[in-house]
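Close look at the chain arrangement
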Amino acid sequence: MGTEPVTMRWDPQLSGPRAGRRLYGALVSTQPQPDVDAARPAIRLRGLRKRFGTGPQAVDAVAGVDLDVRDGEFLTLLGPSGSGKTTVLRLIAGFELATAGTIELGGVDVTRRAPFERDVNTVFQDYALFPHMSVTDNVGYGLRVRKVGRAERASRTQEALDGVRLGHLGDRRPAQLSGGQRQRVALARALVNRPRVLLLDEPLGALDLKLREQMQVELKAIQRQVGITFVFVTHDQEEALTMSDRIAVFDGGRIEQLGSAADVYERPATPFVAGFVGTSNLLSGAAAEQVLGRSGTWSVRPEKIRLDLDDEPAAEAHDRSATGVVREVVYVGSATRFVVDLDAGASLVALQQNVQTSSSDVDAYRGRRVRLHWDPRHEVQVADPATAPTAH
Amino acid sequence: MTALPPAGTSVAPGVPAGRRLSAWLSGRPRVRLAALLAPPAIWLTLVYLAALLALLTTAFFSVDEFTNAVTRTLTLSNVRDVVSDPAYLRASARTVGVAAAVTALCTVIAIPMAFFMAKVAPARSRGLLVALVLTPLWASYLVKVYAWQAMVQPGSGVIAWVLRPLGVDGPGYGLMAVVLTLTYLWLPYMVLPVYAGLERLPDSLVDASADLGAGPWRTFRNVVLPLAYPSIVAGSVFTFSLSLGDYITVQIVGGKAQLLANIVFANYAANLPFAAAIAIIPVLITVAYLAVVRRTGALDNL
Ligand SMILES: Nc1ncnc2c1ncn2[C@@H]1O[C@H](COP(=O)(O)OP(=O)(O)OP(=O)(O)O)[C@@H](O)[C@H]1O
Ligand SMILES: [Mg+2]
């Protein structure tokens, strides 16, 4: 390995004087190197394809992905199991070689480069901490490999561990840590190298819900502080919506839609996105004609729909409304989901906050005739797969 | 109507005897443990330890000069002879040297082989590769040693024939031939534990090391080797102790070389107590080796 990966780094401290600045202070005040073109994306994927196997068993895990990840952005790859998210991440990191297409990091084509020649670091789903090394040695590994001096290595390692609030556990082995602590060691081990890009493959997947929510907030805060580009993989749509600057929704090795959380949630481009991000509440064909008075496929989010018993007075005149029968009632604590079979033929889910009602009250709705109504502004036209615009 | 079961048993009538026995045992862990351990414990004490004990005591007997019969009076003379004669010390050193060389060669050959099998070859072909490594074990030991005799034969041997264009002579009979033959014989005993150890090593650790900037060699040294180390030591227990005890290979391809095991073989007919005294040396060496190995924690992997 030459010195190239080191000079490629945008952290000026690596070459400049290194007063004992704390990692956090240092990372917060770190500015992109002047020669890095700000308009140039941190990652640029063009026509990326990956095929596993040959002959009839071949799988196109990634089937043509074009993607620009902006510098400093938090981008989430969201999609169902087997949609190719991990494979895209492994292609960027260099663990897999692309079948076709190119990968650029900061404007440099790295498609054929080995992982250790790419200025990215990965937080693995199983954390991949070295079991035979202490926490400190794990975190310091990248610096040791890159021949950073002993004194600087020790101080940067300690600062990175302090940064994830594990400064006191440096002597432990990974096996002696809890899941959440391991996750933070993996994060510190990647961040201490100050890469241009951090890749995270479902880093919170193994944590329980409480810890998961806490780590979501922490991870987002750290990303904002260090200003590193994060590419984050998850199949949890809520996680994607809360953390991301932009979301790329994957299906079958392709990007179905790329946009902000609000874009993919409120303006899903395809029925798949409407269904995967949130509940698909689709009206199409005859049902759309009858309820909405127009053709095409339309989506209305469950929380935008209000539900009244059919015998109650009708709502404001400009509201859209439809009648039907409650088929299913799901009590979820703070709210209740009602699945309603419309007289017009489709079925819609309505989410109602349990402001006045309790679980026994809502159960009484099962089988009752109800009226749904919503503001027409919340109807979003969803393109059919055949006519969907290709995402960029 | 079925009759009520007699008081004090919870087992329903009509339950097969085997099930009833296991139900009875499940409440009595000590009985269960004793029943489980008794057969191997009896085997171990009677067959294994008794033989070792017989070896130890025989070493302190002597032999009648005229009839060659073993006299059962305790004497230290055999042990004294073995310890005081530098020839036996040299033979011990030579034997340990051969065993160490065989172990080192096996390690060097086995690591890349096992790495290929566990990490490079497609998962489908792993079973086949393991079978291929095992196939030589199905052939008779003697046949394999005679095959190696043909390989190393001075002048007309396969190795000599291959090396002739280079103007080099083959190894001929001697210690070198012994080391080569034993390496061939014991290699599977090193490949299998190392393969099992590498198979257990998650791929993501190798990826993580490369991700953090380490080239292949550093990854091997810092991650693969330390984690495979216990399995290498486990394999070395086999290659080392098997080499210490081998005498047929030495006789067939060893030329004039004398190792402990064939000194034992040469003496046992004429002077069994003396042969026993020599045979204790490899036992002691093996015990010492195991004691060292135990401290590395590698025995947990056997
Ligand atoms: N090494 C491999 N060999 C063969 N097929 C593979 C390999 N890795 C992935 N695949 C296949 O490629 C497809 C995409 O896999 P990938 O791991 O990228 O999915 P994913 O989106 O990360 O799913 P998940 O959410 O379950 O992790 C799957 O059909 C998978 O079976
Ligand atoms: Mg995955």
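Residues numbered from 1 in each chain as written. Chains lettered and ligands numbered in written order. Predicted model: local features only at pLDDT ≥ 70, side-chain atom pairs only at ≥ 80, totals over all residues. Heavy atoms only, no water.

Our next topic: the side chain of glutamate 202 of chain A. Residues and elements named next belong to chain A. In this fold, glutamate 202 is placed in the loop between strand S7 (197–201) and helix H7 (209–226). Although glutamate 202 is buried, it makes no salt bridge; lysine 85 carries the closest opposite charge, 4.6 Å away. Setting aside anything within four residues of it in sequence, one finds glutamate 202 in contact with Lys85, Gln125, Val233, Thr234 and His235. (Helix = DSSP H or I, 4+ residues; strand = E, 2+ residues; numbered from the N terminus. Buried < 20%, exposed > 50% of the residue type's maximum accessible area, 1.4 Å probe, protein only. Lys, Arg positive; Asp, Glu negative; His and termini not counted. Salt bridge = Lys/Arg side-chain N within 4 Å of Asp/Glu carboxyl O. Contact = heavy atoms within 4.5 Å.)

What follows deals with the site of ligand 1. All names here are of chain A. As a structural note, the neighbourhood of ligand 1 is formed by 13 residues, with Ser81, Gly82, Lys85, Thr86 and Thr87 the closest of them. One nitrogen or oxygen atom from the side chain of serine 81 is found 2.5 Å from an oxygen atom belonging to ligand 1. Threonine 86 has a polar side-chain atom sitting 2.5 Å from an oxygen atom of ligand 1. In isolation ligand 1 has 640 Å² of accessible area, and contact with the protein removes 61% of it. Those elements that place two or more of their residues in the shell around ligand 1 are strand S2 (59–69) and helix H3 (85–93). (Near = heavy atom within 4 Å. Polar contact = N/O pair within 3.5 Å; in protein donor to acceptor, adjacent residues only side chain to side chain. Areas by Shrake-Rupley, 256 points an atom, 1.4 Å probe, with all protein chains shown as cover.)

On to the interface of chain B and chain A. Accessible area lost upon the coming together of the parts is a frequently used measure of interface size. Residue-level contacts link 18 residues of chain B with 25 residues of chain A. Of the roughly 1,700 Å² buried at the junction of chain B and chain A (both faces included), carbon and sulfur atoms supply 61%. Our enumeration of links across chain B and chain A arrives at 1 salt bridge. Taken together, chain B and chain A are joined by 7 residue pairs in polar contact (both at pLDDT 80 or more). Counting only elements with at least two residues in the side of chain B that touches chain A, the list comes to helix H9 (203–211) and helix H10 (216–245) of chain B. Its residues assigned to classes, the side of chain B that touches chain A comprises 9 nonpolar, 6 polar and 3 charged. (Buried area = accessible area lost by both parts, 1.4 Å probe. Nonpolar A, V, L, I, M, F, W, Y, C, P; charged D, E, K, R; others polar.)

Residue and element names in this part refer to chain A. Summarising the model, chain A shows a mean pLDDT of 83, and 86% of its residues fall at 70 or more. Residue range residues 1–36 is modelled with pLDDT below 50. Its contacts to residues more than four positions away, or to other chains, number 54 contacts. Note on residues 385–392: pLDDT under 50 across the span, and 10 contacts to partners over four residues away in sequence or across chains. (pLDDT = per-residue confidence, 0-100.)

Looking now at helix H4 (residues 135–145) of chain A. The buried fraction of H4 of chain A is high, at 8 of 11 residues. Taken as a whole, H4 of chain A has its buried residues at Val135, Asn138, Val139, Gly140, Tyr141, Gly142, Leu143 and Val145 of chain A. Those residues of H4 of chain A hidden inside the fold are in contact with helix H5 (150–163) and helix H6 (179–191) of chain A together with H9 and H10 of chain B. Directly after H4 of chain A, the chain includes lysine 147 of chain A, whose backbone phi takes a positive value near 60 degrees.

On to the packing of aromatic side chains. All names here are of chain A. Enumeration over the complete set of coordinates arrives at 15 aromatic pairs over all chains. Here phenylalanine 74 and phenylalanine 230 contribute two aromatic rings whose centre-to-centre distance is 5.6 Å and whose plane-to-plane angle is 35 degrees, an arrangement assigned as tilted. Of this pair, phenylalanine 74 sits in strand S3 (residues 74–78) while phenylalanine 230 is found in strand S8 (residues 229–234), placing the two residues 156 residues apart along the sequence. As far as burial versus exposure is concerned, phenylalanine 74 and phenylalanine 230 are alike and both buried. (Phe/Tyr/Trp six-rings, centres within 6.5 Å; stacked < 30°, edge-to-face > 60°.)

A few words on the sheet that holds S2 of chain A. The strand order across the open sheet formed by 4 strands is S2-S1-S4-S5 (chain A), and the pairing between neighbours is antiparallel. Strands at the two margins of the open sheet, each flanked by one partner only, are S2 and strand S5 (108–109) of chain A. (Pairing = 2+ DSSP bridges.)

Residue and element names in this part refer to chain B. As a volume, the largest pocket reaches approximately 470 Å³. Along the wall of the largest pocket there are 20 residues; nearest its centre are Phe115, Val206, Asp207, Ala210 and Thr219. Within the residue set of the lining of the largest pocket, elements represented by two or more residues are helix H4 (86–120), H9 and H10. (1 Å grid on protein atoms, 1.4 Å probe; cavity = no way out; pocket = protein on both sides within 12 Å on 5 of 7 lines; lining within 4 Å. Points joined across faces, edges and corners; volume = space filled by probe spheres on them.)

All names here are of chain B. The contact between H10 and helix H13 (residues 272–296) brings their axes to 11 Å, and the two run at 180 degrees. On the basis of the axis angle, H10 is roughly antiparallel to H13. The segment H10 lies against H13, with Tyr229, Val233, Ser236, Val237, Phe240, Ser241 and Leu244 engaging Pro282, Ile285, Thr286, Tyr289, Leu290, Val293 and Thr296. In terms of residue class, the contact of H10 with H13 is built from 10 nonpolar, 4 polar and no charged. (Axes fitted to C-alpha atoms, helices over the stretch in contact; angles between N-to-C directions. Parallel < 35°, antiparallel > 145°, perpendicular 65-115°, else oblique.)

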